[in-house]
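# Breakdown of the fold
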Amino acid sequence: MSGSGATADASASGRGVLRFRDFRLFLGARFAMGLAIQVYDVGVGWYVYEITRSAWALGLVGLAVFLPHLLLSLIAGEVADRFDRRLIVTAAFATMGLAALGLLVTVVVGSTSALPIYGFAALLGTARAFFMPASQALAPTLVPRESFSRAIALVSSSWQISTIAGPALGGLLYAFGPTVVFASAFLAFAAGGVAVFSIAPRPSTHDGSPPSLERLFAGIGFIRSRPAILGAISLDLFAVLLGGATALLPIYARDILMTGPWGLGLLRSMPAVGAAMIGLFLARRPIDRRVGPKMFAAVAVFGAATVVFGLSTSLPLSLACLFVLGASDMVSVVIRQTLVQHETPDAMRGRVSAVNSVFIGASNELGQFESGALAALIGPVGSVVVGGVGTLVVAALWVRLFPGLAHRDRLIERHGE
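What you are looking at is a predicted structure, and each value in this text was computed from that prediction instead of being measured.

### Quick look at the overall build of the protein chain
For the protein chain, the helix and strand inventory stands at 16 helices and 0 strands. Across the 417 residues of the protein chain, 59% fall into the buried class. Across the protein chain, contacts joining residues at least 24 apart in sequence account for 88% of those joining residues at least 6 apart.

### Overview of the nonpolar core
Grouped together as the largest cluster of nonpolar side chains are 64 residues, with contacts concentrated most on Phe93, Met96 and Phe189. Excluding anything up to four places from it in sequence, Phe93 contacts Ala29, Met33, Phe131, Phe189, Gly192, Gly193 and Val196. The next biggest cluster of nonpolar side chains, apart from the first, holds 49 residues, and it includes Phe148, Ile229, Leu339 and Val394.

### What about the packing of helix H10 (residues 249–256) against helix H11 (residues 261–284)?
For the pair H10 and H11, interaxial distance at closest approach is 9 Å and the crossing angle is 135 degrees. With respect to each other, H10 and H11 are oriented oblique. By crossing handedness, the relation of H10 to H11 is classed as right-handed. Of the residues in H11, those in contact with Leu249, Pro250 and Ala253 of H10 are Leu264, Leu267 and Arg268.

### Some remarks on the packing of helix H3 (residues 85–108) against helix H4 (residues 115–138)
One can describe the packing of H3 onto H4 by two numbers: an axis separation of 8 Å at closest approach and a directional angle of 160 degrees. Considering the angle they form, H3 stands roughly antiparallel to H4. When you trace H3 past H4, the crossing you get is left-handed. For the contact of H3 with H4, the residue count by class is 19 nonpolar, 4 polar and 3 charged.

### Some details on the pattern of salt bridges
One pass over the structure, following the stated rule, counts 4 salt bridges. For Arg82, the salt bridge is made with Glu78, and the minimal N-O distance between the two is 2.6 Å. With Arg82 and Glu78 both in helix H2 (residues 55–82), this residue pair falls 4 residues apart, about one helical turn. As far as the burial class goes, Arg82 and Glu78 line up, both buried. The salt bridge partner of Arg86 is Asp84, with a shortest N-O separation of 3.5 Å. Residues Arg86 and Asp84 agree in their burial class; the two are buried.

### Observations regarding the side chain of Thr106
Looking at where Thr106 falls in the secondary structure, it is placed in helix H3. Since its relative accessible area comes to 7%, Thr106 is described here as buried. With sequence-adjacent residues up to four places away left out, Thr106 is seen in contact with Ser111, Pro116 and Phe120.

### Side note on unusual backbone geometry
Here Met258, not a glycine, exhibits a phi torsion of approximately 55 degrees, which is positive. Its place among the elements puts Met258 in the loop between H10 and H11. Overall, Met258 belongs to the exposed group, its relative accessible area being 64%.

### With respect to the packing of aromatic side chains
For any pair of aromatic rings, geometry is given as the distance between the ring centres together with the angle between the planes. For the structure on display, the rule yields 4 aromatic pairs. Here the aromatic rings of Trp398 and Phe402 are separated by 6.1 Å at their centres, their planes lie at 40 degrees, and the arrangement is tilted. Across the ring face of Phe197, the terminal group of Arg86 is positioned such that the distance to the ring centre comes to 5.2 Å.

### Topic: the confidence of the model for the protein chain
Per-residue pLDDT for the protein chain averages 80, and the proportion of residues at 70 or more is 87%. In the predicted structure, residues 1–14 sits below a pLDDT of 50 and forms 39 contacts with residues beyond four places in sequence or in another chain.

### Let's talk about H3
Over its 24 residues, H3 extends 35 Å from the first C-alpha to the last, a length consistent with the 34 Å expected when each residue adds 1.5 Å. The N-terminus of H3 is capped by Asp84, whose side-chain oxygen sits 2.9 Å from the backbone nitrogen of Arg86.

Thresholds applied
- Residues numbered from 1 in each chain as written.
- Predicted model: local features only at pLDDT ≥ 70, side-chain atom pairs only at ≥ 80, totals over all residues.
- Heavy atoms only, no water.
- Helix = DSSP H or I, 4+ residues; strand = E, 2+ residues; numbered from the N terminus.
- Buried < 20%, exposed > 50% of the residue type's maximum accessible area, 1.4 Å probe, protein only.
- Contact = heavy atoms within 4.5 Å.
- Core = buried A, V, L, I, M, F, W, Y, C linked by side-chain atoms within 4.5 Å.
- Axes fitted to C-alpha atoms, helices over the stretch in contact; angles between N-to-C directions.
- Parallel < 35°, antiparallel > 145°, perpendicular 65-115°, else oblique.
- Left-handed = near helix turned anticlockwise from the far one by under 90°.
- Nonpolar A, V, L, I, M, F, W, Y, C, P; charged D, E, K, R; others polar.
- Salt bridge = Lys/Arg side-chain N within 4 Å of Asp/Glu carboxyl O.
- Phe/Tyr/Trp six-rings, centres within 6.5 Å; stacked < 30°, edge-to-face > 60°.
- Lys NZ or Arg CZ within 6 Å of the ring centre and 35° of its normal.
- pLDDT = per-residue confidence, 0-100.
- Expected span 1.5 Å × (residues − 1).
- Polar contact = N/O pair within 3.5 Å; in protein donor to acceptor, adjacent residues only side chain to side chain.

So, in structure tokens, the structure goes:
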């Protein structure tokens, strides 16, 4: 189950999982990807709004990333359960690098059309469709089972730390032009690919059965049979889908808070600051009891912070709201990922992670489209406030739909207790 010398008596602390070389490489790759994605997103968001001045165009970027993710996710899950997950992740990094390189060329030739940007966004979405299930299925093989929660919190914190540096870096780099932004994203994607390729090969756990529709949809069936997992990932889906304030940050930065690319970088960084701080805390002191009530409370805080952010015209207050938003979201991330990874057999992790990745992609990229489309109809402030209120309504509804999750005590249930 574990690789690179992972043993059952490994230290239970967050630093304990860093003893394993392959886990360190994986952590570095995730950091590089987080940095690349955030630099890329800042560049795309500012550049698209600069040439179109359209909230609808910003929403279409998210939709272009999400659609291939949705269409290919089940296939990607089956691929992750059949082949070397390390090589799949490496290939995904290479494809994301090509998307960044394509945008670099688009800017260099002076194109003022958003259509090529949508095409490269779709290429990025295709790569992420394969990246997410393969990387989520690879991660648990790098540490002992009892260290899942801490490892997930550490990986999530690493990602969030990169997303603190990434937006700020992207905003600063944009001062030198979008070519510098997309060249930097390309280099970060390349570094992540090299790190993952350096992980020791892991044999596939595939049982040799031929491809079939039953295997393709097995991940959906597994999640439907586990109410706690279904409730956790669907709650996260609708909370982030409705509360997608971050999609409209270019508009808030330019038109409401009256700041520039540097201010957009700060705004994009603040959710990651909050998430990273909570993630590092949970890596040291993981959630052990009353996980259900804590998760629903965190989602309610997420919704309330979204509403206040939507109404704010003060940069400091907006930054504080985004900090709280990210911190509360991290609680849901750690609970959801730990439930999925702990309760899924290794031979099915790719397909289950693929379904989970659709939920994540829907909450992020589709949420970006929803926010942009709604902002085009009722304005950015109305879009964000309505989304935050919707998140609060969903949290209350999910308490009734998934009472077992709402009242769950332990994150990892101990059989026989």
